[in-house]
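Tertiary structure, described
Here is how the chains run, residue by residue.
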Amino acid sequence: MSASGRGETTDDLLAALLDGMDAALCAFDADGVITHWNREAERILGWSAAEAVGRKGFAGWAVRAADAQDVEERLMSAQDVPGRQVHEFALLTKEGGRVLVRTQSAGVPGADGKPAGVYCAFSEVHAQIDLERSIALSEALMDDASWGVVLVDVDLRPAVVNAHAARAFGSGRTALLGRPLGELLAQGVEELEGVLQHVLAEGSPPPAPMELWVSVRTPEGVRRRCWRSGFLRLGSPLAEEPVPLGVGWLFQDITEARQAALDTAQLRFRAGQLHRSGRAAAECEDPAEAAAVRLDFALAGFAEHALLDVLEPSGDPERPRLVRMAASPPLLPGAGASAARYAPGHPALQALDRIGSVRTSAPRGEPAGDWARERQWPADAVHVLCTVLRSRGRTVGALTFVRAASRAAFEQADAAYAEEVAARVAADLDLAACPRPPKAGDTP
């Protein structure tokens, strides 16, 4: 290829690169004559390259006469200083309108190192401000936001994590990048991934922020958290058709507020159950039946089974024996009272000794059924709470609540509720053991 051919190819390549730029660009030689003018400059000002190239500066066509000298001096001064200079000018469009532009100009050295001209990139100020605001917003979200921000790629793996989100996951920002969400969350990952996949596929996020309960794996153990989350599909602005880059996930930890609301609702429900059970028990002529009614009400939303054991009246006080009086629901329909042969150290006997409550759960790694049968509990027992029955300063028996694997272990608030139920049941049993007053008309 000849030298002239190579020069033409280089010029064509340079022209294509300039015309493909998103920013308007023009260049001046050392005398201030325009040598290059790309399509974005034509779009902003309306002057074509044929009309602009060859003109000396902007005077007389792209800038007001009063501003021409100042604009030219500031632009051409870039030849004499290192780095880039930023200025704002009011330029004129071909139709006579005014456009405020922000320019970045820098000197172009020649082969001998001497100034050979200036290149100038410019854009409309409002567009530049919008870009700067977008960049500033992104940086603020990634650094100082009070919300957690995670940018998830199309493979549903964190690509960018801000400081707040890293603290919520109990890890460093870089340690979270590229890891599957299943490695970060012990529970809740299926629901989260389902939402992310929907946003990627449909492009439409949930209409309102949603609450996600998750269990986060941290070096200190698994933590149960509630995150109010919003999602945004991220698409490339450079593609002709929308191409998903991932999903922006913003979340805020509302665990304390949500847990407080749940606790309040739970207290309200349990107080209502105690009230309703009292009204129902008051209609029972037999106090023992009233005790069974109270157990039925207590089970709602609390446990799967309730076992009522009473002390044998003539038993040895040093070695108390319990008799199974009732179970709700009945374990053996139609069966009467039977001795509960509990081994020493049984939680029910511990509750008698402590005059309080005992909570226990099946050991991990052991068959829960065997563990339950050894203690004479229903086969599905995984979490158990035993509490003492006390009335008029005397121990009447023990009350046991049983939960299956689908429920969480008993907590202190559960023990307080069980003790409240036990106090009412103990009063019913104490009343059942008292001689019944004669009715009117009975033979003395």
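Above this text sits the structure in question.
Residues numbered from 1 in each chain as written. Predicted model: local features only at pLDDT ≥ 70, side-chain atom pairs only at ≥ 80, totals over all residues. Heavy atoms only, no water.

Overview of the packing of helix α10 (residues 255–282) against helix α11 (residues 287–299)
At a closest axis distance of 9 Å, the pairing of α10 and α11 adopts a crossing angle of 155 degrees. Considered as vectors, α10 and α11 are oriented roughly antiparallel to each other. By crossing handedness, the relation of α10 to α11 is classed as right-handed. The segment α10 lies against α11, with Q273, R276, S277, G278, A280 and A281 engaging A290, V293, R294 and F297. Along the lines of polarity and charge, the residues of the contact of α10 with α11 split into five nonpolar, three polar and two charged. (Axes fitted to C-alpha atoms, helices over the stretch in contact; angles between N-to-C directions. Helix = DSSP H or I, 4+ residues; strand = E, 2+ residues; numbered from the N terminus. Parallel < 35°, antiparallel > 145°, perpendicular 65-115°, else oblique. Left-handed = near helix turned anticlockwise from the far one by under 90°. Contact = heavy atoms within 4.5 Å. Nonpolar A, V, L, I, M, F, W, Y, C, P; charged D, E, K, R; others polar.)

Here's the deal with helix α12 (residues 347–354)
Given 3.6 residues to a turn, an α-helix orients residues that are three or four positions apart in the same direction. Taken residue by residue, α12 has P347, A348, L349, A351 and L352 as its buried positions. Structurally, α12 contributes buried residues whose contacts are with β12 (305–311), β13 (322–328), β15 (357–361), β16 (383–391) and β17 (394–403). Positioned one or two residues after α12, I355 has a phi angle of 50 degrees, which is positive. (Buried < 20%, exposed > 50% of the residue type's maximum accessible area, 1.4 Å probe, protein only.)

Regarding the sheet that holds β15
Taken in spatial order, the six strands make up an open sheet running β14-β13-β12-β17-β16-β15, and their pairing is antiparallel. If you trace the sheet from one side to the other, it starts and ends with β14 (338–340) and β15, each paired once. On average, adjacent strands in this sheet sit at an angle of 30 degrees to one another, irrespective of strand direction. Here β16 runs beside β17; their pairing, made up of nine bridges, is antiparallel. From the neighbouring strand, S391 faces β17, where its bridge partner is R394. Against the sheet, helix α14 (residues 412–433) engages β12, β13, β15, β16 and β17, with an angle of about 40 degrees to β16. (Pairing = 2+ DSSP bridges.)

As for the sheet that holds strand β1 (residues 24–29)
One open sheet holds the five strands; their spatial order is β2-β1-β5-β4-β3, and the pairing between them is antiparallel. Each edge of the sheet is formed by a strand with only one pairing partner; in this case those strands are β2 (34–37) and β3 (85–92). Across the sheet, the mean angle separating the axes of adjacent strands is 30 degrees when strand polarity is ignored. Pairing geometry for β1 and β2, over three bridges, is antiparallel.

Topic: the pattern of salt bridges
According to the stated counting rule, one finds 22 salt bridges in the structure shown. Across the pair D414 and R403 runs a salt bridge, and its minimum N-O distance is 3.5 Å. Pair noted here: D414 is in helix α14 and R403 is in strand β17, with a separation of 11 residues, a long-range link. Here D414 and R403 have matching classes, each one buried. One salt-bridge network, in which partners are shared between bridges, spans E40, R43 and E124. (Salt bridge = Lys/Arg side-chain N within 4 Å of Asp/Glu carboxyl O.)

Some thoughts on the packing of aromatic side chains
Across all of its chains, the model carries 17 aromatic pairs by this definition. Residues W227 and W249 carry aromatic rings whose centres are separated by 6.0 Å and whose planes lie at 55 degrees to one another, so their mutual orientation is tilted. Within this pair, whereas W227 is found in strand β10 (residues 221–235), its partner W249 is found in strand β11 (residues 244–253), the two being separated by 22 residues in sequence. This pair shows no difference in class: W227 is buried, exactly as W249 is. On the basis of an interplanar angle of 85 degrees and a centroid distance of 5.1 Å, the ring pair of F302 and F401 is categorised as edge-to-face. Here F302 is found in the loop between α11 and β12, whereas its partner F401 is found in strand β17, with 99 residues between them in sequence. (Phe/Tyr/Trp six-rings, centres within 6.5 Å; stacked < 30°, edge-to-face > 60°.)

Some points on the pairing of β16
Across the nine residues that make up β16, a large majority, eight, are buried. Between β16 and β17, which follow one another and run antiparallel, lie two residues, and R392 among them has a positive phi close to 50 degrees.

Concerning the packing of α11 against α14
α14 packs onto α11 with a crossing angle of 165 degrees between their chain directions and a minimal axis gap of 7 Å. The orientation of α11 relative to α14 falls into the category roughly antiparallel. Crossing angle aside, the handedness with which α11 passes α14 is left-handed. Between α11 and α14, the contacting residues are P287, A288, A290, A291, R294, L295, F297 and A298 on the first element and Y417, V421, R424, V425, D428, L429, L431 and A432 on the second. When its residues are assigned to classes, the contact of α11 with α14 shows 13 nonpolar, no polar and three charged.

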